[in-house]
Amino acid sequence: MTKPPLTLHLAAPRGFCAGVDRAIKIVEMALEKWGAPVYVRHEIVHNRYVVDGLRAKGAVFVEELDECPPARPVIFSAHGVPKSVPQAAEAREMVYVDATCPLVSKVHIEAARHHEAGLQMVMIGHAGHPETVGTMGQLPAGEVLLVETPEDVATLEPRDPGRLAFVTQTTLSVDDTAEVVGALKARFPAIVGPHKEDICYATTNRQEAVKAMAPDCDAILVVGAPNSSNSKRLVEVGARAGCPYAQLVQRAGDIDWRALDGIKSVGITAGASAPEVLIEEVIDAFRDRYQVTVRPVVTAEENVEFKVPRVLREPA
Ligand code: SF4
């Protein structure tokens, strides 16, 4: 039977960002340096395939520090941790390596700087996401007010409306965040913030690529995990940019082929924590069913790289 033709728009940039790449290298290098088991507080990055791969090499994933034996090294995930976590590790005299993405650490520093200047902080982010918890945990309880939507801004009750600053989660929707920032500036004209927002280059670039391809796609599949903020935002961006069907898939096995019946074009991208091997798996699944023509949609070049911490580059 001849396969139907399909144009496969392949977003670039897609998949792994520099912060995820660094965090995975940190776990691998820690295993090399100290041997197994090495403990990791929270999923190092939000991707089951990556986590399972590291678990097979000897990493043990836990949610809280007190689940780690004090004699073994522990790594903090790329999302960042509240200040109390490294403090607790030091109190227990544990060896720890902080795999927080440098772009998240930059937001932590911004928040601390504004706090020292006497400003109360507003964080734009998703309640309960580890990055939000980590950033809010840089300051004493009650010092950071969390908002997710423009509606939340209307109900904020700051100590002093003239002494406020804001930071954002790094993996938000660029367009949604601009609306929340607009609402903050309208209600608190003196609010101090970063030049645009703290959304990172990788999040921004992946959303731009999806926006560029969405009008040409009958469907968009985002390879990523359901707990990955930046992956979920890519689905929303695709739908909002005009694609009638945008869906998150973790693996090729998740593709709902019936929902794709009759499509002539598909867009494929991946969140910042999804490895290329999973994108290839999805592309291969389309090749099995269609006569695929791949059309790259390149909207930016990325060459960002972050160094791993010195403790891992030194001999044991
Ligand atoms: S998505 Fe952005 S902030 Fe998060 S790890 Fe990647 S580069 Fe860092």
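Cut-offs applied
- Residues numbered from 1 in each chain as written.
- Predicted model: local features only at pLDDT ≥ 70, side-chain atom pairs only at ≥ 80, totals over all residues.
- Heavy atoms only, no water.
- Helix = DSSP H or I, 4+ residues; strand = E, 2+ residues; numbered from the N terminus.
- Buried < 20%, exposed > 50% of the residue type's maximum accessible area, 1.4 Å probe, protein only.
- Contact = heavy atoms within 4.5 Å.
- Lys, Arg positive; Asp, Glu negative; His and termini not counted.
- Charge placed at Lys NZ, Arg CZ, Asp CG, Glu CD.
- 1 Å grid on protein atoms, 1.4 Å probe; cavity = no way out; pocket = protein on both sides within 12 Å on 5 of 7 lines; lining within 4 Å.
- Points joined across faces, edges and corners; volume = space filled by probe spheres on them.
- Polar contact = N/O pair within 3.5 Å; in protein donor to acceptor, adjacent residues only side chain to side chain.
- Pairing = 2+ DSSP bridges.
- Right-handed = clockwise from strand over helix to strand, strands pointing away.
- Axes fitted to C-alpha atoms, helices over the stretch in contact; angles between N-to-C directions.

(A) Layout of the overall build of the chain. Each helix and strand counted, the chain has eleven helices and twelve strands in total. For the C-alpha atoms alone, the extent of the chain along its principal axes is close to 65 × 55 × 30 Å. Counting across all 316 residues of the chain, residues that qualify as buried make up 52%. Across the chain, every contact between residues at least 6 apart in sequence was considered, and the portion connecting residues at least 24 apart equals 76%. Side chains of the chain carry 33 positive and 42 negative charges; the gap between the two charge centres is 3 Å.

(B) View of the layout of surface pockets. One number sums up the size of the largest pocket: a volume of about 160 Å³. Along the walls of the largest pocket sit 13 residues, with His-126, Glu-148, Ser-173, Asp-176 and Thr-177 positioned nearest its centre. Looking at the lining of the largest pocket, the elements that each hand over two or more residues are α7 (174-187) and α9 (229-240). For the lining of the largest pocket, the element with the highest residue contribution is α7, accounting for four residues.

(C) Representation of the side chain of Arg-206 within the structure. The topology assignment puts Arg-206 in helix α8 (residues 201-213). Within polar-contact distance, the side chain of Arg-206 engages the backbone oxygen of Ala-202 at 2.9 Å. In this structure, Arg-206 is in contact with Pro-13, Arg-14, Gly-15, Phe-16, Cys-17, Leu-234, Ala-270, Ala-272 and Glu-302, ignoring residues within four places of it in sequence.

(D) Region of interest: the pairing of strand β2 (residues 38-41). Because side chains alternate across β2, one face comprises the buried residues Val-38 and Val-40, and the other comprises Tyr-39 and Arg-41, equally buried. As judged from the four bridges shared by β2 and strand β3 (residues 59-62), these two strands associate in the parallel manner. From the neighbouring strand, Val-40 faces β3, where its bridge partner is Phe-61. A crossover links β2 with its parallel partner β3, the connecting element being helix α2 (residues 48-57), and its sense is right-handed. As defined by bridge partners, β2 adjoins strand β4 (residues 74-76) across three bridges and the pair is classed as parallel. The residue bridging Arg-41 from the neighbouring strand is Phe-76, located in β4.

(E) Quick look at the sheet that holds strand β1 (residues 5-12). Spatial ordering of the open sheet is given by β10-β9-β11-β1-β12, a layout of five strands whose pairing is parallel. Here the strands that pair on one side only, and so sit at the sheet edges, are β10 (246-249) and β12 (291-298). Strand-to-strand, the axes of this sheet are offset by a mean angle of 25°, without reference to chain direction. Against the sheet, α8 contacts β1, β9 (219-223), β11 (265-270) and β12, and its axis sits at roughly 180° relative to β11.

(F) Quick look at the environment of Gly-125. With respect to the helices, strands and loops of the structure, Gly-125 is situated in the loop between β6 (120-124) and α5 (130-136). Residue classification places Gly-125 among the buried positions, given a relative accessible area of 2%.

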